[in-house]
Amino acid sequence: MAVAKTIVTVVFVLICLTLTVIILMQEGKSAGLGAISGAADTYWGKNKGRSMEGILVKITKVCVFLFIVIAAVLNIGSFQ
């Protein structure tokens, strides 16, 4: 059982590091003064889901889900 807990803990730390790096790679949500004039409605604004930024958002959501699930598993496992 100790081996499984160690493996899950290592995976948890890797997910934490991955999540930190991915969040730091993302651009800010404020579009600056371009949003006032409507410059955000460009090709990249409409196809954001297929861009690198969209991919980073999807990976972030998956990592956050895994982070929460593994944190709960490690927390429940600590009571035994």
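Computed from a predicted structure; not experimentally measured.

Q: So what's going on with the packing of helix α1 (residues 2-25) against helix α4 (residues 52-77)? Which residues, and what values?
A: In contact at an axis separation of 9 Å, α1 and α4 are set at 150 degrees when each is read in the N-to-C sense. When the axes of α1 and α4 are compared, the pair comes out roughly antiparallel. Judged by the twist between their axes, the crossing of α1 over α4 is left-handed. On the side of α1, the interface is formed by Lys5, Val8, Thr9, Val11, Phe12, Ile15, Cys16, Thr18, Leu19, Ile22, Ile23 and Met25, while α4 contributes Leu56, Ile59, Thr60, Cys63, Val64, Leu66, Phe67, Ile70, Ala71, Leu74 and Gly77. Taken together, the residues of the contact of α1 with α4 sort by class into 18 nonpolar, four polar and one charged.

Q: A description of the packing of aromatic side chains should follow, citing residues and the corresponding values.
A: Inspection of every chain in the model, using the stated rule, returns one aromatic pair. Measuring from centroid to centroid gives 5.1 Å for Phe12 and Phe67, while their planes differ by 20 degrees, and the two rings are stacked. Of this pair, Phe12 sits in helix α1 while Phe67 sits in helix α4, placing them 55 residues apart in sequence.

What counts as what
- Residues numbered from 1 in each chain as written.
- Predicted model: local features only at pLDDT ≥ 70, side-chain atom pairs only at ≥ 80, totals over all residues.
- Heavy atoms only, no water.
- Axes fitted to C-alpha atoms, helices over the stretch in contact; angles between N-to-C directions.
- Helix = DSSP H or I, 4+ residues; strand = E, 2+ residues; numbered from the N terminus.
- Parallel < 35°, antiparallel > 145°, perpendicular 65-115°, else oblique.
- Left-handed = near helix turned anticlockwise from the far one by under 90°.
- Contact = heavy atoms within 4.5 Å.
- Nonpolar A, V, L, I, M, F, W, Y, C, P; charged D, E, K, R; others polar.
- Phe/Tyr/Trp six-rings, centres within 6.5 Å; stacked < 30°, edge-to-face > 60°.

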